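Here are the chains, one letter per residue:
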Amino acid sequence: MEAGGLTADELQQVRDALAAGRKPRVQFTDAAGQISGQIGQVVALEDPAVSDEWVVVRFGRDELPFSPGDLRIAPKGAVPRKAAPVVVEPVEPVLSGPEFLIDKPLPVKPPAPRKSEEEVPVTAARKAARPVKAKPGPSLTVTLAYGEGEWTIAANQGAKALARPYVIRPAEALKMVSLIDMPGVQEAVDQIMAAERAEAEQQAQRLRAELAEVEARLAELGEAG
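Residues numbered from 1 in each chain as written. Predicted model: local features only at pLDDT ≥ 70, side-chain atom pairs only at ≥ 80, totals over all residues. Heavy atoms only, no water.

The next subject is the sheet that holds strand β3 (residues 55–59). Here we have five strands laid out as an open sheet, ordered β4-β3-β2-β1-β5, and antiparallel in their pairing. Looking at which strands have only one partner, the edges of the open sheet turn out to be β4 (62–66) and β5 (71–73). Ignoring strand direction, the axes of neighbouring strands in this sheet form an average angle of 45 degrees. Examined bridge by bridge, strand β1 (residues 25–28) and β5 share three bridges and lie antiparallel to one another. Its bridge partner being in β5, F28 is matched across the sheet by L71. (Pairing = 2+ DSSP bridges. Helix = DSSP H or I, 4+ residues; strand = E, 2+ residues; numbered from the N terminus. Axes fitted to C-alpha atoms, helices over the stretch in contact; angles between N-to-C directions.)

In this section: unusual backbone geometry. Phi angles above zero are rare outside glycine, and E148 is one such case at about 55 degrees. Counting through the fold element by element, E148 comes out in the loop between β6 (140–147) and β7 (150–157). E148 sits in the exposed class, given a relative accessible area of 84%. (Buried < 20%, exposed > 50% of the residue type's maximum accessible area, 1.4 Å probe, protein only.)

Interaxial distance between helix α3 (residues 170–178) and helix α4 (residues 183–224) falls to 10 Å at its minimum, and their mutual angle equals 160 degrees. As the angle between them shows, α3 and α4 are arranged roughly antiparallel. Classified by chirality, the crossing of α4 by α3 is left-handed. Of α4, the residues touching α3 (which contributes P170, L174, V177 and S178) are V185, Q186, V189 and M193. Class assignment of the residues belonging to the contact of α3 with α4 gives a composition of six nonpolar, two polar and no charged. (Parallel < 35°, antiparallel > 145°, perpendicular 65-115°, else oblique. Left-handed = near helix turned anticlockwise from the far one by under 90°. Contact = heavy atoms within 4.5 Å. Nonpolar A, V, L, I, M, F, W, Y, C, P; charged D, E, K, R; others polar.)

Glancing now at the sheet that holds strand β8 (residues 160–168). As summarised here, the arrangement of the three strands in space is β6-β7-β8, forming an open sheet in which the pairing is antiparallel. Edge positions in the sheet fall to β6 and β8, since each of these pairs with one other strand and no more. Across the sheet, the mean angle from the axis of one strand to that of its neighbour is 15 degrees, orientation sign disregarded. Note that β7 and β8 share six bridges and pair antiparallel. The partner of N156 across the bridge, within β8, is A161. Against the sheet, α3 contacts β6, β7 and β8, and its axis sits at roughly 120 degrees relative to β8. Across the sheet, α4 lies against β6 and β7, angled at about 140 degrees from β7, the strand it touches most.

In this model, α4 (42 residues) spans 61 Å end to end at C-alpha, consistent with the 62 Å of a helix rising 1.5 Å per residue. Residues of α4 that are buried: V189, M193 and E196. Looking at the buried positions of α4, the neighbouring elements they touch are β6, β7 and α3. (Expected span 1.5 Å × (residues − 1).)

Moving on to the packing of aromatic side chains. On inspection of all chains with the given rule, the structure shows three aromatic pairs. With a centroid separation of 5.3 Å and an interplanar angle of 80 degrees, the aromatic rings of F28 and F59 are classed as edge-to-face. Taken together, the residues span a long stretch of sequence, with F28 in strand β1 and F59 in strand β3 at a distance of 31 residues. For the pair formed by F28 and F59, the shared burial category is buried. Each member of the aromatic cluster is reached from another via a ring pair, and the members are F28, F59 and F66. (Phe/Tyr/Trp six-rings, centres within 6.5 Å; stacked < 30°, edge-to-face > 60°.)

Structural data, given as structure tokens:
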């Protein structure tokens, strides 16, 4: 397998394996730096539109995101490459000042053994300057709508309905629309309100005519009595 990173087909294989509950093994390429050749497990795939590093890999005790170019499918039977232990020879102390005869040599404290490359956390080795980006929270949507002669308002946070559509007065709807500096929206609202006023005037005229007929009928009945 070349060190060119994960291809689109390989990423689909990883996605299918995660969906089946498996954690596919991957190997770090030369682009991953000093952890090149080490083996990890893919535990999740994030949104590539948010960050170039969206393949979450478990390596040791860490779970960190990498770009597809940092990884390749681990060959069968591949094992992590262990770094050779570093041997530090003790250094003889250098004494300054006048010479003195010492019966016993000064004890030299051996240096603490250094951790091998395999034991170095990835966070300190490579990811200190690349923090994991936090995922944005669900979006909030407030909808003001007009239909069948009524104004309604609703609110949703992501897929969750915070407030189902309920009817509000036209005056309240006009106040909300006035806060939006969009000429096209304001013109549409003005047309709606003009049509409602015209319909209301027509209905008022019909009611006046009906009321006049009723009053004339009462007058006739009064004269007849």
